[in-house]
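Inside the fold
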Amino acid sequence: MNDYLLTTQLQDTWRLTDKNYVLNYNALNIFEFKNYKSNFILPEPYGIDIQTKKKNHEYVENLSKIIQKELSTELNKFHNVNCSNKYWKIITGNWLKRVIKIIFFRYKCLEKSLSINSNLFTTASTPKKYKLFTKDSRDLVFATLDAEWNYNLISEILKKNISFKIRLEDYESQNKYFLNSSKIKKEKNFIKKLILNLYKKVHNISYFIHQNNRFFIKDSSLSKFSEIKINLLLKQFPAFYFDEINIPFKYEDNLRDKLDIFNETNDELEKTIRYLVPYLIPTSYLENYDYLKRTATKIKWPEKPQAIVTSNAYDFNELFKIWAASKIEQGTKYFIFQHGSLTGNAIRPEDTNEYQVCDKFFNWGTRINNKKNISAFNFKLTNINQKNKKKIKILVLCKSKNFEYEVYDRSFGYKNIFDGIKKLIEILPKEILDNMSFRIKEDFNENEEEKFLVSKNIKLLKSSVNIFKYLAESDLVIHMYNSTGVFECLSLNVPTMFFWPNYQNSRNHYDDKFVEFCKKEKILFDSIELLAENLVTNIKDIGKWWNQKDLQKNREIICEQYSVLPNKKSLQQLSIKLLNEKN
């Protein structure tokens with residue numbers, strides 16, 4: 001009798017036996033072992049050591065460059081246009097790299113499982129019966145946590161290249177495509193909606209003034225007040241650009257068969273990726289592309305900007321990307337403001353799509369020095385009130401589960417973090433727990449961290465409140481993961497610690513000075529026991545530990561390199577740099 005390979009959380013597809021191999025940690029993310037008598041075997045998580053990460057990232061980077069050019073050619077043919085590779089890379093580049101990683105990881109997990117046990121069977125659906133497309137690039141991210149979507153993607157991989165290595169039983173899932181039902185929780189605020197609608201009307205009426213703005217600034221990470229100020233310093237009319245658009249559901253069967261990126265190769269993984277990429281293309285690049293392009297020509301944004309500036313609209317904002325790409329084709333410069341740290345990531349900044357397509361990349365600090373990089377400051381930290389009365393003794397920030405779009409097992413990483421939270425609650429004395437307030441990310445309707453913390457009667461804070469308000473009100477901030485917030489705390493000089501399990505395997509060479517500083521000053525911990533021990537030692541006088549002369553001196557050096565705190569002159573200096581670089 002064959003042993004069973006459990007590939008996803010979709011329980012209707014399970015055919016449990018006495019011995020069941022689990023594909024990866026995402027397959028059992030919400031599964032309770034105690035409910036079943038069967039034996040489950042979890043392999044070592046795939047791709048988590050740093051050398052494998054680097055090798056796999058290099059594979060993805062090299063292949064994405066080749067496929068991007070071919071995909072650009074195919075999209076030009078499909079839409080009967082003649083746009084540059086850069087045009088299509090601005091629109092599709094982040095999606096393409098992500099989708100290659102998604103296929104890569106699942107293929108490698110299957111390969112690993114079959115190398116451990118060649119006597120396996122599993123269930124799989126009929127090829128192409130379930131449609132793997134998503135409405136837009138954001139939906140792809142949510143699809144990586146959808147059991148049914150994963151089941152059908154893995155079925156395609158199995159039946160395309162691996163079916164001869166494993167016995168397959170046919171099983172069709174219930175739905176025919178992915179529909180994103182995950183909703184981020186947001187409190188409705190009538191006053192805010194009213195003000196927003198009023199502003200939109202004023203924006204449209206005043207378009208004759210700001211249509212000639214030289215700089216288009218959108219989603220910059222600057223505060224609203226700072227955005228107004230930077231516009232005035234650039235001698236243009238301040239404007240906030242909103243683009244709420246509901247992309248219609250529009251799917252045409254067999255349309256993706258027209259995209260040909262097939263290439264003869266002996267690499268079975270590459271064959272699989274090339275086969276599947278067209279079928280995962282969002283409707284925003286095919287069926288809805290013309291609709292988005294027409295909308296982009298009508299939207300009341302500047303007609304001939306000399307430079308486009310953004311911090312995060314470059315990834316998921318389909319309307320912005322199409323509008324920006326068309327302007328850049330006409331000679332407009334493209335400036336990206338740093339959004340996250342990328343510290344603690346095997347990916348080099350140079351390998352990100354936004355870095356590759358922009359003309360200049362504005363950094364938070366001085367750590368990366370080349371012609372493309374412009375040193376600036378942490379854009380998130382403008383107009384932060386640091387004088388708040390301390391209301392929170394210990395603020396603990398949690399992560400929530402990871403989307404599965406990397407070349408390694410992110411669910412395993414989240415498991416370690418969640419285990420750390422549970423261990424911390426278990427070992428800390430009650431008098432410290434009573435002084436702790438946890439803030440969780442309410443990204444999903446289901447939240448394992450929230451359920452656990454509520455069951456332990458731990459105080460929870462509203463995630464809808466601005467995080468910087470909480471930081472300013474806290475005596476100590478503990479990040480339960482390697483967060484960008486660590487840099488913000490260091491810059492704001494807020495005492496902080498963070499838990500980063502297995503950090504040795506999550507680094508690039510830009511991290512060394514930061515990691516050395518955090519380890520030396522007992523800010524970074526890869527053991528929850530050591531973090532708890534340090535917390536107990538310093539809780540009575542946090543200031544004595546944090547205000548040590550050497551710690552403060554080294555903190556200032558690190559912040560200069562990684563996350564500069566803006567001062568009164570920062571916006572003026574930024575405006576000068578923008579003006580200098582637009583020509």
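Analysis parameters
- Residues numbered from 1 in each chain as written.
- Predicted model: local features only at pLDDT ≥ 70, side-chain atom pairs only at ≥ 80, totals over all residues.
- Heavy atoms only, no water.
- Helix = DSSP H or I, 4+ residues; strand = E, 2+ residues; numbered from the N terminus.
- Rg over C-alpha atoms; globule rule 2.2 N^0.38 Å.
- Contact = heavy atoms within 4.5 Å.
- Lys, Arg positive; Asp, Glu negative; His and termini not counted.
- Charge placed at Lys NZ, Arg CZ, Asp CG, Glu CD.
- Axes fitted to C-alpha atoms, helices over the stretch in contact; angles between N-to-C directions.
- Parallel < 35°, antiparallel > 145°, perpendicular 65-115°, else oblique.
- Left-handed = near helix turned anticlockwise from the far one by under 90°.
- Nonpolar A, V, L, I, M, F, W, Y, C, P; charged D, E, K, R; others polar.
- Buried < 20%, exposed > 50% of the residue type's maximum accessible area, 1.4 Å probe, protein only.
- Core = buried A, V, L, I, M, F, W, Y, C linked by side-chain atoms within 4.5 Å.
- Pairing = 2+ DSSP bridges.
- Salt bridge = Lys/Arg side-chain N within 4 Å of Asp/Glu carboxyl O.
- Polar contact = N/O pair within 3.5 Å; in protein donor to acceptor, adjacent residues only side chain to side chain.
- pLDDT = per-residue confidence, 0-100.
- Arc of directions from axis to C-beta.

Our focus in this paragraph is the overall build of the protein. Looking only at helices and strands, one finds 22 helices and 16 strands in the protein. For 583 residues, the compact-globule formula gives about 25 Å, and the C-alpha radius of gyration of the protein, at 25 Å, lands near that figure. For the protein, the spread of C-alpha atoms along the three principal axes comes to 70 × 65 × 45 Å. Sequence separation of 24 or more characterises 74% of the internal contacts of the protein that already satisfy a separation of 6 or more. The distance from the centre of the 93 positive side-chain charges to the centre of the 70 negative ones in the protein is 6 Å.

Take the packing of helix 2 (residues 85–116) against helix 8 (residues 268–276) next. Following both chains from N to C, one finds helix 2 and helix 8 inclined at 135 degrees, their axes separated by 10 Å at the closest point. Of the possible angle classes, the one that applies to helix 2 and helix 8 is oblique. Relative to helix 8, helix 2 is oriented so that their crossing is right-handed. Two secondary-structure elements touch here, helix 2 through Ile100, Ile103, Phe104, Tyr107 and Lys108 and helix 8 through Glu268, Leu269, Thr272, Ile273 and Leu276. Looking at side-chain class alone, the contact of helix 2 with helix 8 contains seven nonpolar, one polar and two charged residues.

This brings us to unusual backbone geometry. Although it is not a glycine, Asn383 sits at a positive phi angle of roughly 60 degrees. Within the secondary structure layout, Asn383 lies in the loop between strand 10 (373–375) and strand 11 (392–397). By relative accessible area, Asn383 is classed as partly exposed at 48%. Not every positive phi belongs to a glycine, and Asn493 is a case in point at roughly 60 degrees. Assignment of secondary structure puts Asn493 in the loop between helix 17 (485–492) and strand 15 (496–499).

Core analysis: the largest hydrophobic core is formed by 82 residues, its most contacted members being Trp95, Trp149, Leu280 and Tyr334. Looking at which element gives the most residues to this core, the answer is helix 2, with 16 residues. Excluding residues within four positions of it along the chain, Leu280 makes contact with Trp95, Val99, Leu132, Phe133, Thr134, Leu140, Trp149 and Leu153. Phe418, Met497, Ile528 and Trp546 belong to the second-largest nonpolar core, a separate cluster that totals 47 residues.

We now examine the sheet that holds strand 1 (residues 3–6). Strand order in the open sheet made by the five strands is 3-2-1-4-5, with parallel pairing throughout. Unpaired on one side and paired on the other, strand 3 (39–41) and strand 5 (167–170) mark the two borders of the sheet. Geometrically, the sheet is characterised by an average inter-axis angle of 35 degrees between neighbouring strands, direction not taken into account. Here three bridges tie strand 1 to strand 2 (residues 19–22), and the two strands are oriented parallel to one another. Bridge pairing in strand 2 links Leu6 to Val22. The strands touched by helix 4 (residues 147–162) are strand 4 (120–124) and strand 5; relative to strand 4, the strand with the most contacts, the crossing angle is about 120 degrees.

As a further point, take the side chain of Lys53. Position of Lys53 relative to the elements: it lies in helix 1 (residues 50–79). Comment: no salt bridge for buried Lys53; closest opposite-charge side chain is Glu406, at 7.9 Å.

Below, the discussion takes up the environment of Ser84. Here Ser84 lies in the loop between helix 1 and helix 2. In this structure, the C-alpha to C-alpha distance between Ser84 and Lys390, residues 306 residues apart in sequence, is 54 Å.

Considered for burial, the residues of helix 8 that qualify are Leu269, Glu270, Thr272, Ile273, Arg274 and Leu276. Tucked into the core, helix 8 has its buried residues touching helix 1, helix 2 and helix 4. Capping of helix 8 at its N-terminal end is provided by Asp267; its side-chain oxygen lies 3.0 Å from the backbone amide nitrogen of Leu269.

A separate point is the confidence of the model for the protein. Put simply, the protein has an average pLDDT of 91, and 94% of its residues get 70 or more. Here residues 183–187 is a poorly scored stretch, pLDDT under 50, and it has 10 contacts once near neighbours within four places are set aside; other chains count.

Once that is clear, we can look at helix 7 (residues 224–233). Those residues of helix 7 not exposed but buried are Ser226, Glu227, Ile230 and Asn231. Buried residues in helix 7, looked at end-on, bunch into an arc of 140 degrees, giving them a common side. For helix 7, the exposed residues set more than 90 degrees away from the buried face come down to Phe225 and Leu232.

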